[in-house]
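Here are the chains, one letter per residue:
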Amino acid sequence: MAPATGLSQNGHVKDAEPGPSVLEIDAADWSRLLEKPRTVNIERKRSFDERSFSEMFDHVDGVYSPGMRSGISTPRSNGFEPHPIVSEAWKALRRSLVYFRGQPVGTIAALDISVEALNYDQVFVRDFVPSALAFLINGESEIVKNFILKTLRLQSWEKKVDQFSMGEGVMPASFKVLHNPVRNSETLIADFGETAIGRVAPVDSGFWWIVLLRAYTKSTGDTSLADLPEIQRGMRLILTLCLSEGFDTFPTLLCADGCCMIDRRMGVYGYPIEIQALFFMALRCALQLLKHDNEGKDFADRIVKRLHALSFHMRSYFWLDIKQLNDIYRYKTEEYSHTAVNKFNVMPDSLPDWVFDFMPSRGGYFIGNVSPARMDFRWFCLGNCVAILSSLATPEQASAIMDLIEARWQELIGEMPLKICYPAMESHEWRIVTGCDPKNTSWSYHNGGSWPVLLWLLTAASIKTGRPQLARRAIEVAEVRLLKDHWPEYYDGKRGRFMGKQARKFQTWSIAGYLVARLMLEDPSHLGMISLEEDKQMKPHMKRSSSWMC
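Residues numbered from 1 in each chain as written. Predicted model: local features only at pLDDT ≥ 70, side-chain atom pairs only at ≥ 80, totals over all residues. Heavy atoms only, no water.

1. What to know about empty space enclosed by the protein
Phase 1 of the analysis: Inspection of every chain in the model, using the stated rule, returns seven cavities of 30 Å³ or more.
Phase 2 of the analysis: The space that makes up the largest cavity amounts to roughly 90 Å³.
Phase 3 of the analysis: Where the lining of the largest cavity is concerned, the elements lending two or more residues are helix 4 (125–137) and helix 17 (455–464).
Phase 4 of the analysis: Looking at which element gives the most residues to the lining of the largest cavity, the answer is helix 4, with three residues.
Phase 5 of the analysis: By volume, the second largest cavity amounts to about 70 Å³.
Phase 6 of the analysis: Lining the second largest cavity are ten residues, and of these Tyr317, Tyr331, Lys343, Phe344 and Met375 lie nearest its centre.
Phase 7 of the analysis: Along the lines of polarity and charge, the residues of the lining of the second largest cavity split into six nonpolar, two polar and two charged. (1 Å grid on protein atoms, 1.4 Å probe; cavity = no way out; pocket = protein on both sides within 12 Å on 5 of 7 lines; lining within 4 Å. Points joined across faces, edges and corners; volume = space filled by probe spheres on them. Helix = DSSP H or I, 4+ residues; strand = E, 2+ residues; numbered from the N terminus. Nonpolar A, V, L, I, M, F, W, Y, C, P; charged D, E, K, R; others polar.)

See the structure below:
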């Protein structure tokens, strides 16, 4: 493969060194760190029929394929012929590379020279995740390692908003490379939320960092990075923030609006599904990565307790299917004592009309938010897909989520995958909840917009649940327009028909999300670096809501 080229923040095109050779580790070390991996022999097939695919991936978390390359230099068939836009996607992704002192450290959010950069010329932690996965799949792990180490260094910075200091473990939302032409030097500048819209700290950044650290370890076999004392300390600082004791009566994390991918006022304050699913996944990844020393064991014990409580809470109270919807419809209110059925005192009259038509007879999903007297029944893609990948969703619930996506294909996929949330808020509700946000108008941006980056999450979830044909179908829909439209950030409209009114072109995670989706479908063994098997010990006895078993 030819050396990668990229555009640094100071405008210079540089050559990136090829990734290092994969480190070999013995089976004992691997087993100690990553929990009993199982060897899975991947038989190349011309087609992905659902039955044979499921049989191949009964234990997908154990799949280990270090250094396998599946980029443009190694086209594969597998019944999924290489598409001409794949090579263009790789070129666009490499143009987005950011360099710091000669080393690639990330990818900028967007490279649209037709509009003012604003903060789109920064490296965002959440945005870099699909880029990192694409490079890992292609055997280029050095950039991912550099990113992990550089963001860890930024974590140690003092973080203040006005006169208030944030927690030591907070990870940056983004960073930027500044070049001083006089001194011919480069420095990093980080944003921890103090310059963001609404001044909200990125709760998801630390979780994505831990998930990416596991993905790097799983993909390369290099355990030395995770074992570094500074990496272990960084994980413990993140865990200290989210495992601290307070006034909470629930195991979920209380968050402000705008603390995740939906980074503007959208009524996701409280206990948003995206954060809870990422929290669950990060805890499970950290449990694999923490060293078994005294500090590590203490955190491991706290993690296990939290995981048990969190999985029960989410599977019991956030889950919605046709039976549970009918139960809520018939709820009594003002119940007291431990025998209460309506534990959150949700008013049945608060059920939105649309949810009765949206809910299929077979299928279900984790709703957006549950808190006292409030349920947000909106569908959120990222949270539900991460719930599948982390095994927060039971196998039955994961299958039900995919049933819902298939049943509501036109609403959630339409002419461009994938709805970030459904449905959109309109008129009075939009005015009250968003504060008349002109960017989040109905069926635009975070308010029911369609985001191509979510394609990789849908693909990963489809593969894990044995439904690769759904991913293939969504990818084919996206390929009709993505390159022609120059890789927009998002699309507008009920069916995603129109390019977003303020969408940046050459949005890096739109490019990387497509590539990861393509590469995973070509070589499903890579799913192991972003997927976790179900922990049987965390599976509760669920009696009240089991329509997904029909």
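2. Describing the packing of aromatic side chains
By convention here, two paired aromatic rings are described through the distance between centres and the angle between planes.
Phase 1 of the analysis: Evaluated as defined, the whole model comprises 21 aromatic pairs.
Phase 2 of the analysis: Their ring planes at 25° and their centres at 5.5 Å tell us that Trp451 and Tyr490 sit as a pair that is stacked. With a gap of 39 residues between them, Trp451 in the loop between helix 16 (427–434) and helix 17 and Tyr490 in the loop between helix 18 (468–479) and strand 16 (491–492) connect regions that are remote in the sequence. Here Trp451 matches Tyr490 in class, with each residue buried.
Phase 3 of the analysis: Put simply, the rings of Trp354, Phe358, Tyr365, Trp379, Tyr422 and Trp443 touch in pairs and so form one group of aromatic residues.
Phase 4 of the analysis: Above the ring of Tyr269, the side-chain terminus of Arg374 is found at 4.4 Å from the ring centroid.
Phase 5 of the analysis: Sitting over the face of the ring of Tyr445, Lys439 holds its NZ or CZ atom 4.3 Å from the ring centroid. (Phe/Tyr/Trp six-rings, centres within 6.5 Å; stacked < 30°, edge-to-face > 60°. Buried < 20%, exposed > 50% of the residue type's maximum accessible area, 1.4 Å probe, protein only. Lys NZ or Arg CZ within 6 Å of the ring centre and 35° of its normal.)

3. A short note on the pattern of salt bridges
Phase 1 of the analysis: A full pass over the atoms with the stated rule returns 15 salt bridges.
Phase 2 of the analysis: Its salt-bridge partner being Glu168, residue Arg233 comes within 2.8 Å of it at the nearest N-O pair. Remark: Glu168 occurs in the loop between strand 7 (164–165) and strand 8 (174–180) and Arg233 occurs in helix 8 (residues 229–243); sequence separation between them is 65 residues.
Phase 3 of the analysis: Several salt bridges converge on common partners, so that one network encompasses Arg362, Asp403, Glu406 and Arg467. (Salt bridge = Lys/Arg side-chain N within 4 Å of Asp/Glu carboxyl O.)

4. Focus: helix 19 (residues 508–522)
Phase 1 of the analysis: Over its 15 residues, helix 19 extends 21 Å from the first C-alpha to the last, a length consistent with the 21 Å expected when each residue adds 1.5 Å.
Phase 2 of the analysis: By the criterion of burial, helix 19 is predominantly enclosed, with 15 of the 15 residues buried. (Expected span 1.5 Å × (residues − 1).)

5. Topic: unusual backbone geometry
Phase 1 of the analysis: Look at the link from Pro417 to Leu418: it is a cis peptide, with omega at 15°.
Phase 2 of the analysis: Within the secondary structure layout, Leu418 lies in the loop between helix 15 (409–412) and strand 15 (421–422).
Phase 3 of the analysis: Here the amide bond leading from Tyr422 into Pro423 is cis, since omega sits at -5°, within 30 degrees of zero.
Phase 4 of the analysis: Mapping Pro423 onto the fold places it in the loop between strand 15 and helix 16.
Phase 5 of the analysis: Unusually for a residue other than glycine, Ser337 sits at a positive phi of about 80°.
Phase 6 of the analysis: The exposure class of Ser337 is exposed, given its relative accessible area of 54%.
Phase 7 of the analysis: Of note, the phi angle at Asn345 is positive, near 55°, even though the residue is not glycine.
Phase 8 of the analysis: As for its position among the elements, Asn345 is in the loop between helix 11 (322–329) and helix 12 (353–358).
Phase 9 of the analysis: Assessed through its relative accessible area of 23%, Asn345 is described here as partly exposed.

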